[in-house]
Amino acid sequence: MNREISNTTRLMMCGLAIAINIVLGIIMAAIKFPVYLDTIGTIFIAVYFGPWYGAAVGGTTNFMTALLYGMTDMPFMLVNIAIGLVIGFLFRKIKFTFLNVLIAGTIVGIVAPVIGTPIGIAVYGGLTGTVSDVAVIWLKQSGASIFTASFLPKLANNLIDKIGSCSIIFLLVKAMPGALKPKCWIKRRAEA
């Protein structure tokens, strides 16, 4: 970024990102859509300020959701923290290009169900209350283990969700004025 952001503005942006995560998560859960969109704020902050801010936004999102709607979502905090860390560390090292965004989305699309599936099995028995539960039940009845039956639909959902979320953040950053772009974007342009 071309200019330094004050701590107050940083805190305000993190709070807004948490609110966006919560609102989009509630909307997607209410319509039972198999895509979550509850990490867009985490991804944005991780790209913009780095892994520790991303992890803090991710963890705080799940903490607030648990306070508002019940503690069963608290264990999923690990997934959101991992997403903030992975995206933040990746974009400290690699350029913020569309191809790299797709790769980062794929990586977190795999990391999220690897961490979240055991949690989902422990908390919800592997079902999520979305359309993808049909696939979970079908796979389970076809002889798959509960982990496999729960993991495969979550993998598909997460790949679509995380690649889509990362792509949305790429388009958002691309549309921002140059002085407000994050360091990983500026570094990309300087090296090009």
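Caption draft 1: Focus on the overall build of the protein chain. In terms of helices and strands, the protein chain carries 8 helices and 0 strands. Taken from the N to the C terminus, the helices and strands of the protein chain come in the order α-α-α-α-α-α-α-α. Since a compact globule built from 192 residues should have a radius of gyration of about 16 Å, the 17 Å found for the protein chain is in line with a globular shape. Dimensions along the principal axes, computed over C-alpha positions, put the protein chain at roughly 55 × 35 × 25 Å. Here the protein chain holds 192 residues, and the buried ones make up 45% of them. Of all intrachain contacts in the protein chain linking residues separated by at least 6 positions in sequence, the fraction that spans at least 24 positions is 71%.

Caption draft 2: Spotlight on the pattern of salt bridges. For the coordinates displayed, the defined rule picks out 1 salt bridge. We note a salt bridge from K162 to D161, for which the minimum N-O separation is 2.6 Å. For the pair shown, K162 and D161 are each scored as buried.

Caption draft 3: Representation of the nonpolar core within the structure. Counting 34 residues, the largest nonpolar core has F44, I45, I87, F91 and F96 as its most contacted members. Looking at this core, the element that brings in the most residues is helix α2 (residues 40-49), giving 8 residues. Sequence-distant contacts of I45, that is, excluding residues within four places in its chain, are made with M13, C14, A17, G50, Y53, G54 and V57.

Caption draft 4: Up close: the packing of aromatic side chains. Applying the stated rule across the entire model yields 11 aromatic pairs. On the basis of an interplanar angle of 25° and a centroid distance of 5.2 Å, the ring pair of F44 and Y48 is categorised as stacked. Linking F44 with Y48, this pair stays in helix α2, spanning 4 residues, or about one helical turn. Using a relative accessible area of 12% as the deciding quantity, one classes F44 as buried. Judged by its relative accessible area of 8%, Y48 falls in the buried class. Summarising the aromatic geometry, the rings of F170 and W185 are spaced 5.7 Å apart at their centres and angled 50° between planes, so their arrangement reads as tilted. You can see F170 sitting in helix α7 (residues 146-175) and its partner W185 sitting in helix α8 (residues 183-191), a full 15 residues away along the chain. For F170, a relative accessible area of 6% gives the class buried. The cationic tip of K181 hangs over the ring face of W185; the distance from NZ or CZ to the ring centre is 4.8 Å.

Caption draft 5: Representation of the packing of α2 against α7. Running from amino to carboxyl end, α2 crosses α7 at an angle of 50°, the nearest separation of the two axes being 9 Å. With respect to their mutual orientation, α2 and α7 come out oblique. As α2 packs across α7, the resulting crossing turns out to be right-handed. Note on element contacts: α7 touches α2 through S165, C166, I168, I169, L172 and V173, opposite I40, I43 and F44. Among the residues making up the contact of α2 with α7, the classes are represented as 8 nonpolar, 1 polar and no charged.

Caption draft 6: Quick look at helix α6 (residues 133-141). Burial in α6 covers these residues: D133, V136 and L139. Buried residues of α6 fall within an arc of 125° about the axis and therefore sit on the same side. Those residues of α6 that are exposed and angled more than 90 degrees off the buried face are V134, W138 and Q141. Downstream of α6 by a residue or two, G143 has a phi angle that is positive, lying close to 105°.

Caption draft 7: Structural context of a nonpolar patch on the surface. A contiguous nonpolar patch, built from V23, I27, I31 and F33 and spanning about 360 Å² of accessible area, is present on the exposed surface. Structurally, I27 is set in helix α1 (residues 7-30).

Conventions we followed
Residues numbered from 1 in each chain as written. Predicted model: local features only at pLDDT ≥ 70, side-chain atom pairs only at ≥ 80, totals over all residues. Heavy atoms only, no water. Helix = DSSP H or I, 4+ residues; strand = E, 2+ residues; numbered from the N terminus. Rg over C-alpha atoms; globule rule 2.2 N^0.38 Å. Buried < 20%, exposed > 50% of the residue type's maximum accessible area, 1.4 Å probe, protein only. Contact = heavy atoms within 4.5 Å. Salt bridge = Lys/Arg side-chain N within 4 Å of Asp/Glu carboxyl O. Core = buried A, V, L, I, M, F, W, Y, C linked by side-chain atoms within 4.5 Å. Phe/Tyr/Trp six-rings, centres within 6.5 Å; stacked < 30°, edge-to-face > 60°. Lys NZ or Arg CZ within 6 Å of the ring centre and 35° of its normal. Axes fitted to C-alpha atoms, helices over the stretch in contact; angles between N-to-C directions. Parallel < 35°, antiparallel > 145°, perpendicular 65-115°, else oblique. Left-handed = near helix turned anticlockwise from the far one by under 90°. Nonpolar A, V, L, I, M, F, W, Y, C, P; charged D, E, K, R; others polar. Arc of directions from axis to C-beta. Patch = residues over 30% accessible without salt bridge, like charges linked within 9 Å, V, L, I, M, F, W, Y side chains within 5 Å. Areas by Shrake-Rupley, 256 points an atom, 1.4 Å probe, with all protein chains shown as cover.

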